[in-house]
Amino acid sequence: MTSRRFFGERFTRNEDARLLRGLALFVDDVHLDGMLHVAFLRSDYAHARLISVDTAAARARPGVVAVYTADDLGAYWQPGPLLVAPPPIDGLVFNAATQVPLIKDKARHAGEPIAMVVAESRYVAEDALVDIVVDMDPLDAVVDLEAALEPDAPVIHEQHGTNLASHVVQQKGDYQRAHREAALIVKRRFHYDRGVAGALENRGVVAQWDARCEELTVWDTTQAPIPIRSGLARMLGLLESQVRVIAPFVGGGFGSKIMMFYPEEVLLPWAAMRLNRPLKWIEDRQENFYATTQERLQIHDAELALSEDGHILGVHDVFLHDTGAYNPYGLTIPINSQCTLLGPYDVPNYYTEFRVIFTNKTTVTPVRGAGRQHGVFVMERLLDFAAKELGIDRVEIRKRNLLSSDDFPHNHVILFQDSAPLVYDSGNYLPALEKAVDLIGYDEFVREEQPRLRAAGRHVGLGIVSYIEGTGIGPYEGARVTVEPSGQVRVATGVGTQGQGHYTVFAQVVAEVLDVDLDRIHVTTGDTREFHWGTGTFASRGVVVAGSACHEAAVAVRKKILGLASDALGVAENDLELEGGRVRVKDAPERAVDLGELAVRANPLRGAVTPGTEPGLEATAYFGPDRGSTASGVHAMIVEVDRETAMVEIKRYVVVHDSGRVINPMLVEGQIQGGVAHGIGNAFYEQLVYDDTGQLLNASFMDYLLPTATDVPRVEMAHIETPSPLNPLGVKGVGEAGAIPTGAAFAQAVEDALAEDDLEIREIPLSPNRLFEMIRDARATR
Amino acid sequence: MKPAPFEYYRPETVDEALGLLAEHGSGAKLLAGGQSLVPTMNFRLAQPAVLIDLNALAELEHIEPDGDALRIGAMTRQRQVERSALVAERAPLLHEAVPFIGHPQIRNRGTIGGSIAHADPAAELPVVMLARRARLHVRNRRDARSIPVDEFFTGLFATALGPEEILVDIELPAVPPSTGWAFDEVARRHGDFALVGAAAVVTLDDSGRCRDVRLVFSSVGDGPVLAHEAARQLEGEIPDDAAVRAAAGAAAERDVDPPSDIHASAAYRRQLVRVIGTRVLARAVERARNGSVS
Ligand SMILES: Cc1cc2nc3c(=O)[nH]c(=O)nc-3n(C[C@H](O)[C@H](O)[C@H](O)COP(=O)(O)OP(=O)(O)OC[C@H]3O[C@@H](n4cnc5c(N)ncnc54)[C@H](O)[C@@H]3O)c2cc1C
């Protein structure tokens, strides 16, 4: 469209000058005159009836301004909204229970807030927490997913009379027939346990009520400022225009910062208005382990039916999903598990059933991958076991089952999380697998390197797995593009940014249309005053949806530019081109006009703007894809296991990835490298350990182990670009991909390294301790 | 995560610090590098009424020879110990062990005395002290005494330090000839507290038999654990591979009684004692045979 290339280049990031010099605004950087500080008293018990709360001593402490409990909230006390309604699936059972601002009757997970203290400093606020006297009657806790459904299990939400949050069956074809016709049935049980999102920056909220302007401003670490603004206006009885929510720079979200509404997000604005003082609450790391949503416990009983030559005839999967104390996100995660399980494979018959269980643990909402890793883990492990039993090479069995490039669009029939049938838009799976085989040196490793190292007593293994990821779902996002009289361009969109590089990639999208230097394009995200339509950053959809909206707005502005330039230069639009912030005549480039000058002309002080036109070089556009676009890829790794200590070292890690068209390879690779780090954490380091009273035993970074730079290898990457037909940029999402297949690849690689022990890995996360047990038990059973 | 209120003093001399300690008694805590104390205060697990900050006490920050021995002031940062040529020469085991402590940021603040006084059973420095038969020099307002390390660690986070005493100096005796040493550990990530750590010091006689063996483990008991049985098995013997493995096996079976926690079961820790014990003994023996003391 323009003469210069803005797509496919490794532009450095527009936001980094601010971030690297410490000049970026984070919520905790907001300091306001007269600001007070908030701390929360949280339940020590996972499940307990609340009998009384005595706040008198806390109120009397010098420096304490207010103490609130549920009773003080009056009609403002409301459970949160059900964010995502379940898709219309026949026979669906769905029991909703959403989180409350402060507990009234009982605590349903440890860390649930009981009281809110407002004081002159956070120190005093925390001192006052100790003054509050709480009387609670502990109840038996629901922790284990299977025990939760026993008839004598304690019930968490009495109104439902059961801990079953939902029950869903989806089917494609006829699995029973596949089962009858199969030459081999592989049947196993799989576990995937809980972890935190682990964002570098914890959550935080600052709320300020300006009584003169009658305006509420909220700085919030949310991934979804616009829905927060709309919800707060409704709850507080304000016009939406009276509420401004700013999600400034945010230090990572990974899904956990889009749980609407967190109690703190509801309470601080309310109290700031009541007290007419600005309030700040910054979550500390210990709170984060209890109060910020988590993910990933599922138990699958799955079977794979295959023909003699290793073709998949069908999959049967029945699983339990832990939603924690509440289920505000509906069925998003288990449906993702269900849909992602099919992977890049041709699966003619599929029976999939799940039960969602309430437990006395922190609420579960999507965290990077959002249920997808479970599906990939189950399918890839089943294929590994099948390959072994059939004596087929593990790469070969995958090749035999991949969808071919002319199978698209491919309809998997069952419903996806956006309530539309699961249809893959485009893909090119075989070349990706072959490229990964090549990059990791599969043939040579299996033929030469591994036997040689094994002979020398070393335990090395390789893992290679495929996956797909549904990304970039609707409903929509919007953007406004404005050319200012200086010739600089402003772009505003509603999604929040948590480190992805939106300021750069959206600038590239606009530059591709307007041919303006990237440092003259200024992107604003996450400020409802700048842009107030949209949903948020989630589901690997920022560039797909908001990026496409930026594109559409830029195209509209370009049209205005060409119209004005045609008048100004007396040349037909077709004979004009945009270059370096100017419009010039194709055959006579010395005849040109600056975009800034056109912006002035578009907003004249005299004369008349023609009816039907708008002033300014500005356009707003919206984009909503029909459905999600399906990204895909292959991960391969080589590990070495010290069989004596059961420690594992990842020697190499290869990712071949297809997220459609790549706008900025550096940003895509950053997302993948970070995702892989997250995946490695989930596979070998991170695990939330709850005891049977629902107490979290490792609520600190001393005992909850995030992988560090020394534990994560530099990922070797290759891109395959299969454009999506569903958006004008041809892009697919990439934010979550790196974290999705890591566990499956790790399990295969470790199992391969320990081939002499002949053990099977059917769980994630692993740990040295767990591997030691598995090696020991394998030895004992031989 | 804010500490409870406390009073704060920053004495300029050890005498002043000892006076404050005597005055405030058990309600007071000494603040060294703060790398263990401050987190426990922020979690409100420790709520001292008075904090006596030792960071202005330049007299406690030194590394110097004392005859053939080595003296290190309690307030010497772990990072200074790590980088000291004198430590590398005279206390090579200590030199080898210090980089395993946390991360550079931690070692920049954390002190040698703080770690020893804190007596975390997972810590490296108590293990080294026990393996090297250190003497701990302590003072109260009136007296000074020196405690042999075998009497210093008395239980979980407990030492022989009295409530009014400050650890002022660490003395490491000279390394005898034909002595080898080694330190190693298994941790989940680099810089984490060890699942099991081990130090070995082996002195050989002229016939290549073990004259003196010190094998010490972290994370398998209330404090650093000296493996008596393993040492007894090796003493007077030629430490060949089989003997070394047998000794480490004896340590795993008889010398340690490891705890189970979320990171490692007792059985896994025993396995690590066997593996790491073998590795450090073998390396110490090899170094002893090469006759090197540095
Ligand atoms: C992230 C992290 C990782 C860490 N990893 C490790 C590790 O791998 N291995 C390890 O060993 N340690 C580790 N530590 C702890 C670190 O080594 C501490 O520095 C050390 O344990 C205590 O030393 P300090 O100087 O910081 O003492 P402080 O924290 O100031 O004090 C600790 C205790 O000792 C007392 N004390 C201090 N000095 C004296 C003295 N001179 N006389 C009497 N009592 C005194 C104090 O009153 C207090 O009770 C880690 C710490 C952190 C934060």
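Notes on the structure follow. From a predicted model like this one, the values you see are computed outputs, not experimental measurements.

Topic: the overall build of chain A
1) Next: Regarding its fold elements, chain A presents 18 helices and 32 strands.
2) Next: Taken over the C-alpha trace, chain A has a radius of gyration of 28 Å; the compact-globule value for 782 residues is 28 Å, and the two agree within 12%.
3) Next: C-alpha extents for chain A along the principal axes are approximately 90 × 75 × 50 Å.
4) Next: By residue count, 63% of the 782 residues in chain A fall in the buried class.
5) Next: Considering only contacts within chain A whose residues lie at least 6 apart along the sequence, 80% involve residues at least 24 apart.

What to know about the side chain of N769 of chain A
1) Next: For N769 of chain A, the location among the structural elements is in helix α18 (residues 768–780).
2) Next: Under the relative-accessibility criterion, N769 of chain A is labelled buried at 11%.
3) Next: The residues contacting N769 of chain A, other than those within four sequence positions of it, are H263, A264, S265 and Y268 of chain B.

Brief notes about the pattern of salt bridges
Residues and elements named next belong to chain A.
1) Next: A full pass over the atoms with the stated rule returns 76 salt bridges over all chains.
2) Next: Notably, a salt bridge pairs R584 with E579, separated by 3.6 Å at the nearest N-O pair.
3) Next: Residue R584 is classed as partly exposed on the basis of its relative accessible area of 22%.
4) Next: Classification of E579 by relative accessible area gives partly exposed; the value is 23%.
5) Next: Overlapping salt bridges bring together R42, R122, E126, R203, E264, E283, D284 and E287 as one network.

Some details on helix α10 (residues 394–401) of chain A
All names here are of chain A.
1) Next: Taken together, the buried positions of α10 are R394, V395, I397, R398 and N401. All buried residues of α10 fall inside an arc of 165° around its axis, so they share one side.
2) Next: Two or three places before V395, at the start of α10, stands the capping residue D393, its side-chain oxygen 2.8 Å from that residue's backbone nitrogen.

Conventions used here
- Residues numbered from 1 in each chain as written.
- Chains lettered and ligands numbered in written order.
- Predicted model: local features only at pLDDT ≥ 70, side-chain atom pairs only at ≥ 80, totals over all residues.
- Heavy atoms only, no water.
- Helix = DSSP H or I, 4+ residues; strand = E, 2+ residues; numbered from the N terminus.
- Rg over C-alpha atoms; globule rule 2.2 N^0.38 Å.
- Buried < 20%, exposed > 50% of the residue type's maximum accessible area, 1.4 Å probe, protein only.
- Contact = heavy atoms within 4.5 Å.
- Salt bridge = Lys/Arg side-chain N within 4 Å of Asp/Glu carboxyl O.
- Arc of directions from axis to C-beta.
- Polar contact = N/O pair within 3.5 Å; in protein donor to acceptor, adjacent residues only side chain to side chain.

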